[in-house]
Amino acid sequence: MRKFLSLEFLFSFLFFAGFAHAQQTDFAVGGSTLWSSKNNDASQAYLPPPEKSGVLPSFTFQHLNERNIGIALEGAFRYHQGVYNGYQYYRPMFFDANLVYSTRMRAKTHADFMGGAGVESLLFYEHGICVGNNGCRAYVNSNHFLLHGGFGIRYYAFRNIFIRPEVHYYFIPNNFQFHSDNVFRLGASIGYTFGAH
């Protein structure tokens, strides 16, 4: 029985190793900024601000199979705290998981299309001083479900090193802290591809 399992493992390994040459894994880091529309016609005295600006470092893990279809995991967060309506500091963070389709446009250029879902986590930093050891927190966390769509152009500048300008769209239902449920993230990343490209 052990010999049979060993042979089965060996044949499985050789079978999947034959496809490994056609697969690829990408790791990338980048920077971006947020853009969202501003409410110019509301009559309220206290308007939710637009969710925009700031520098957002990002990271991406992407794996494609031999058909150029795969998965991507992404994260981005605002590097410096923003100021919410002029009085409270906050920091947005975005995390999403996507299905990806990649297609070759030219010899060194690929287009990546992705769509998926994730979460927006908003940290609102509280003012005031905590006295003693009573367990008070310095922030309030608010999480929102989001749908994500993205597009990027991957250009291989040197061997397996690529540069990718990219656009990301987030639809965040009930994003009540801000003016709009629609948020764009515009930026670029630099990365490395393991495997065929």
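Here, the structure is the one placed above.
Predicted, not measured: the structure shown is a model, and the values here were computed from it. (Residues numbered from 1 in each chain as written. Predicted model: local features only at pLDDT ≥ 70, side-chain atom pairs only at ≥ 80, totals over all residues. Heavy atoms only, no water.)

Peer 1: Help me understand the environment of Glu-166 in this model?
Peer 2: For Glu-166, the position within the fold is in strand E8 (residues 161-171). A relative accessible area of 6% places Glu-166 in the buried class. A C-alpha to C-alpha distance of 9.9 Å links Glu-166 and Phe-113, two positions 53 residues apart in sequence. Apart from the residues within four sequence positions on either side, Glu-166 is in contact with Phe-151, Gly-152, Arg-185, Leu-186, Gly-187, Ala-188 and Ser-189. Polar contacts involving the side chain of Glu-166 include one to the side chain of His-168, which spans 3.2 Å. A distance of 3.0 Å separates polar atoms of two side chains, one belonging to Glu-166 and the other to Ser-189. (Helix = DSSP H or I, 4+ residues; strand = E, 2+ residues; numbered from the N terminus. Buried < 20%, exposed > 50% of the residue type's maximum accessible area, 1.4 Å probe, protein only. Contact = heavy atoms within 4.5 Å. Polar contact = N/O pair within 3.5 Å; in protein donor to acceptor, adjacent residues only side chain to side chain.)

Peer 1: Whenever I open this one, the pairing of strand E6 (residues 109-125) confuses me. Can you help?
Peer 2: Side chains on a regular strand alternate between the two faces of the sheet. The buried fraction of E6 is high, at 12 of 17 residues. Linkage of strand E5 (residues 88-106) to E6, two consecutive antiparallel strands, is achieved through a turn of 2 residues. Note: E6 against strand E7 (residues 139-158), 17 bridges, orientation antiparallel. Each bridged residue has a counterpart across the sheet, and for Ala-117 the counterpart in E7 is Leu-147. (Pairing = 2+ DSSP bridges.)

Peer 1: How should I be thinking about the pattern of salt bridges in this particular structure?
Peer 2: Side chains that differ in sign of charge can pair as their charged atoms come close. Evaluated as defined, the whole model comprises 6 salt bridges. As a salt-bridge pair, Asp-26 and Arg-154 come within 3.9 Å of each other at their nearest N and O atoms. Of the two residues, Asp-26 sits in strand E1 (residues 24-35) while Arg-154 sits in strand E7, which places them 128 residues apart along the sequence. Exposure remark for Asp-26: the relative accessible area of 2% places this residue in the buried category. Here Arg-154 falls in the buried class, since its relative accessible area comes to 0%. Between Arg-164 and Glu-166 there is a salt bridge, with its nearest N and O atoms 2.9 Å apart. Taking relative accessible area as the criterion, Arg-164 reaches 2% and is therefore assigned buried. (Salt bridge = Lys/Arg side-chain N within 4 Å of Asp/Glu carboxyl O.)

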